[in-house]
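# Topology and contacts: notes
Okay, here's what each chain looks like letter by letter:
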There are 2 protein chains.
Amino acid sequence: MNRRFDAPGAAETARAIAEGRTTSEAAVDACLARIAEREETVRAWAFLDPDLALAQARARDEAATPAGPLHGVPVGIKDIFDTADMPTEMGSPIYAGYRPAADAAAVAILREAGAVILGKTVTAEFAGTHPGSTTNPHDPARTPGGSSQGSAAGVADFMVPVALGTQTGGSVLRPSSYCGIVGFKPGFGTFNRAGIKFAAESLDTIGLHARNLEDAALVRDVLTGRTPDGIAPLPGPPGIGVCRTHLWHLAEPETVAAVEDASDVLGRAGAAVDEVTLPAAFEALTDARRAINDYERARAMAHEWRTDRERLSPAMRKTVASGLAVPYADYRRALALTEDCRRLLDGLFGDRDALLAPAVDGEAPPGLDYAGDPAFQALWTMLHVPAITIPTHRGPNGMPVGIQLVARRGADDRLLSVAEWVWARCCI
Amino acid sequence: MNRRFDAPGAAETARAIAEGRTTSEAAVDACLARIAEREETVRAWAFLDPDLALAQARARDEAATPAGPLHGVPVGIKDIFDTADMPTEMGSPIYAGYRPAADAAAVAILREAGAVILGKTVTAEFAGTHPGSTTNPHDPARTPGGSSQGSAAGVADFMVPVALGTQTGGSVLRPSSYCGIVGFKPGFGTFNRAGIKFAAESLDTIGLHARNLEDAALVRDVLTGRTPDGIAPLPGPPGIGVCRTHLWHLAEPETVAAVEDASDVLGRAGAAVDEVTLPAAFEALTDARRAINDYERARAMAHEWRTDRERLSPAMRKTVASGLAVPYADYRRALALTEDCRRLLDGLFGDRDALLAPAVDGEAPPGLDYAGDPAFQALWTMLHVPAITIPTHRGPNGMPVGIQLVARRGADDRLLSVAEWVWARCCI
């Protein structure tokens, strides 16, 4: 990646269009030019029709009044969201060329706010573990992570300012961290999921890939129907609990260094930093996640499993078979244990504004067949709390390594404020 | 309705097919004959292709081994579930003739278990309040209730032994009660929702219409991947809390009589019957429901609202406009209040096995334009608990009036056991 390349974000593009400093067509043109230059290497797009994108942009430019806060701004959409005017292939040959009848709710809401749907981004097969073709913009020999790999790589490579992803385990935060951008998974249930392909319904969460926090907050506000008003500054230094988690042994030296460095820097900057240890009950979440994910995945894939099993990847077939073998009682126990941990966690925050946790095990691993370990992201997805990664550090190979911040359920606003405070002080 | 007409249920049909006493073709033929006789009056079916149904049945009869516990059994599907081989019109002209690419998860699971998908049943527009054409089998001048009106009326009229519905407010239990059948809404999240049209995602629950509890348990077991083993008998008389709720003033005399009679009969039969009063906090659930339902509905309908507003019913336009006007903070407050009530309710059950509550305001009202008041069902849908109605009583016009039984979250099995105990003792 050309590290010196830069491009305006979503909020800046919206302002420039509103103030007549640029047009939607020019913004889309700039994205298309970047894609033309880089797509052969990055392979972030499952579908991109420049004419269709430009036609949307021109319609925005010709409108008498702005449609909304994203008027004219290009957005990328993970290819498991239904789109009425573009194929929705979900990373699977089963859906090659498939055109849904309607936009997913999130896509329709973005359009209503004026966004230009630039194209569909590469996803792992059905947002699972079998990766698509995308490479890491920082090193094409390395994975960008998954499953929202085209969204993360496209945003990181300046092909599009923001993109939608989904996270069931670690599918928004991990690729964001591997690609060196912001990945924001709001609290469970925040963005309407109508029209997305479910993986595990009790965990699937729509999230955002962006290059700055202002853009994440802007799209968040649009998708929830709020009038965008930026991120409220914290009244003072936050209280931050460092939570290495019981998975700490999985952290590579670069992740250990990132968390320790962030903890030191934030403490010196005035944050009330202490340590938070998760109760032993949380260790069972790893097994509970497998039971819940596989059980629910097997049901969500019932049609494809019945009618087109041989065109599922071996990895997906294994997950479905595993899920069909999970006894219902085990599934219910896993749900109950997880719900207990959610309530425990509510109480653990105390006066703290956020927890600082590892975002990933380390740098993006070499190769494209394995999209990395979701353990450090999935723990918090299970707990339904809002979580964000910001690209604060680098590893021994110069690849990005993010940190993760997590807030209590319902504290999405506070999480964004804390992330802004932290990123201003703790940054590569 | 010919009150003397009878037809085997799902479990009995499955047994008869398995034992060679009948065939799937004969079972489907019997359904088709009943439909041919009665459909002009009842209008329960949005799509029915006798040849397609019979072809499925013959394929079941020709199979060397049974596909599963529902081998050859006809099932009706509310027309908001995607079906790959039948239109999915959702009660809206917007989707006239629409054919999805895949079956909804629940439909695929039923097929995998051997079911014959008989056809699609009439739904209120997008499972909302604008009703379809269905009449009440007990009196064609009266509503069957909604929104799962074709499913409830079709099962009540012996056109099909069981059918899928969905409940966001009262869409499974109310039409079941109005039509005099069993309506079972399991705990939130029990049946996989992939491939249904969402109304309000945090409330939408797939449920079942049946004429007996064994059938409801059988289909429940299939959809959750359990080996069907019937309903466990209670070890002794249950503890039942009579919960008239703060909505008691809405109960017509026939509902008051049904609850009081059931309470007396059950007490005399040995149940430990006492009274349960919901804390005052629950009174706010009525307003919270409006905020949650309308806010989420507006997002789920974003595509149709953007592209086809004039073909939405006035009622749906009103709901979406209302939902777009709900401030995000109000929506979050409504969610938080509802979650508080869920936790409060967990504690309120104490040693009781179930609550006895009004199922409906009274008999099905005259006319087809208004599908009745969902208040008595929606209260429990909000609380995510399993709920069931059984057809125990009749009103002054001879129309069915059910009672409702509700169990704590996670106690779906116990609820079915209690319902069986109650229905054996408390019955018209």
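Residues numbered from 1 in each chain as written. Chains lettered and ligands numbered in written order. Predicted model: local features only at pLDDT ≥ 70, side-chain atom pairs only at ≥ 80, totals over all residues. Heavy atoms only, no water.

A few words now on the sheet that holds strand S4 (residues 162-167) of chain A. Residue and element names in this part refer to chain A. Taking strand neighbours across the sheet as the criterion, the 11 strands line up as S1-S3-S2-S4-S6-S5-S10-S11-S9-S7-S8 in an open arrangement whose pairing is mixed. Of all the strands in the sheet, just strand S1 (45-47) and strand S8 (272-275) have a single pairing partner and so form its edges. The sheet shows a mean angle of 30 degrees between the axes of neighbouring strands, direction not considered. Bridge analysis of S4 against strand S6 (residues 205-210) gives six bridges, and the strand direction is antiparallel. Residue pairing for S6: Leu164 is matched across the bridge by Leu208. (Pairing = 2+ DSSP bridges. Helix = DSSP H or I, 4+ residues; strand = E, 2+ residues; numbered from the N terminus. Axes fitted to C-alpha atoms, helices over the stretch in contact; angles between N-to-C directions.)

With 99% of its residues at a pLDDT of 70 or more, chain A has an overall mean of 97. Scored as a complex, the prediction yields pTM 0.98 and ipTM 0.97. (pLDDT = per-residue confidence, 0-100.)

In the segment running from A:Gly146 into A:Ser147, the intervening peptide bond is cis, with an omega of 5 degrees. Within the secondary structure layout, A:Ser147 lies in the loop between strand S3 (116-121) and helix H5 (149-156). The phi dihedral of B:Phe126 is positive, around 50 degrees, even though this residue is not glycine. Relative to the assigned elements, B:Phe126 resides in the loop between strand S3 (116-121) and helix H5 (149-156). Backbone geometry at B:Thr245 places phi at a positive 70 degrees, although glycine is not the residue there. As for its placement among the helices and strands, B:Thr245 is situated in the loop between strand S7 (239-242) and helix H8 (253-268).

This part covers the interface of chain B and chain A. Taken together, the contact pairs 38 residues of chain B with 36 residues of chain A. For the pairing of chain B and chain A, the buried interface totals around 3,200 Å² over both sides, and the portion due to carbon and sulfur atoms is 50%. Three residues, B:His303, B:Arg306 and B:Tyr328, lead the burial of chain B against chain A; their summed loss comes to 19% of the area buried on that side. If you look at where chain B meets chain A, you find six salt bridges. Counting across the interface, chain B meets chain A through 10 residue pairs in polar contact (both at pLDDT 80 or more). At the level of elements, helix H4 (105-112), helix H7 (213-224), helix H9 (285-300), helix H10 (302-307) and helix H12 (328-348) of chain B are the ones that each hand at least two residues to the side of chain B that touches chain A. (Contact = heavy atoms within 4.5 Å. Buried area = accessible area lost by both parts, 1.4 Å probe. Salt bridge = Lys/Arg side-chain N within 4 Å of Asp/Glu carboxyl O. Polar contact = N/O pair within 3.5 Å; in protein donor to acceptor, adjacent residues only side chain to side chain.)

As a further point, take helix H12 (residues 328-348) of chain A. Taking 1.5 Å of rise per residue, 21 residues should cover 30 Å, and H12(A) covers 30 Å from first to last C-alpha, within 8% of that figure. Taken together, the buried positions of H12(A) are occupied by A:Tyr328, A:Tyr331, A:Ala334, A:Thr338, A:Cys341, A:Arg342 and A:Leu345. For H12(A), the arc enclosing every buried residue in end-on projection is 145 degrees, short of the 170-degree limit, so these residues lie on one face. In this structure, H12(A) carries A:Arg333 and A:Gly347 as exposed residues pointing more than 90 degrees from its buried face. On its buried side, H12(A) packs onto helix H9 (285-300), strand S9 (354-358) and helix H13 (375-382) of chain A together with H7 of chain B. (Expected span 1.5 Å × (residues − 1). Buried < 20%, exposed > 50% of the residue type's maximum accessible area, 1.4 Å probe, protein only. Arc of directions from axis to C-beta.)

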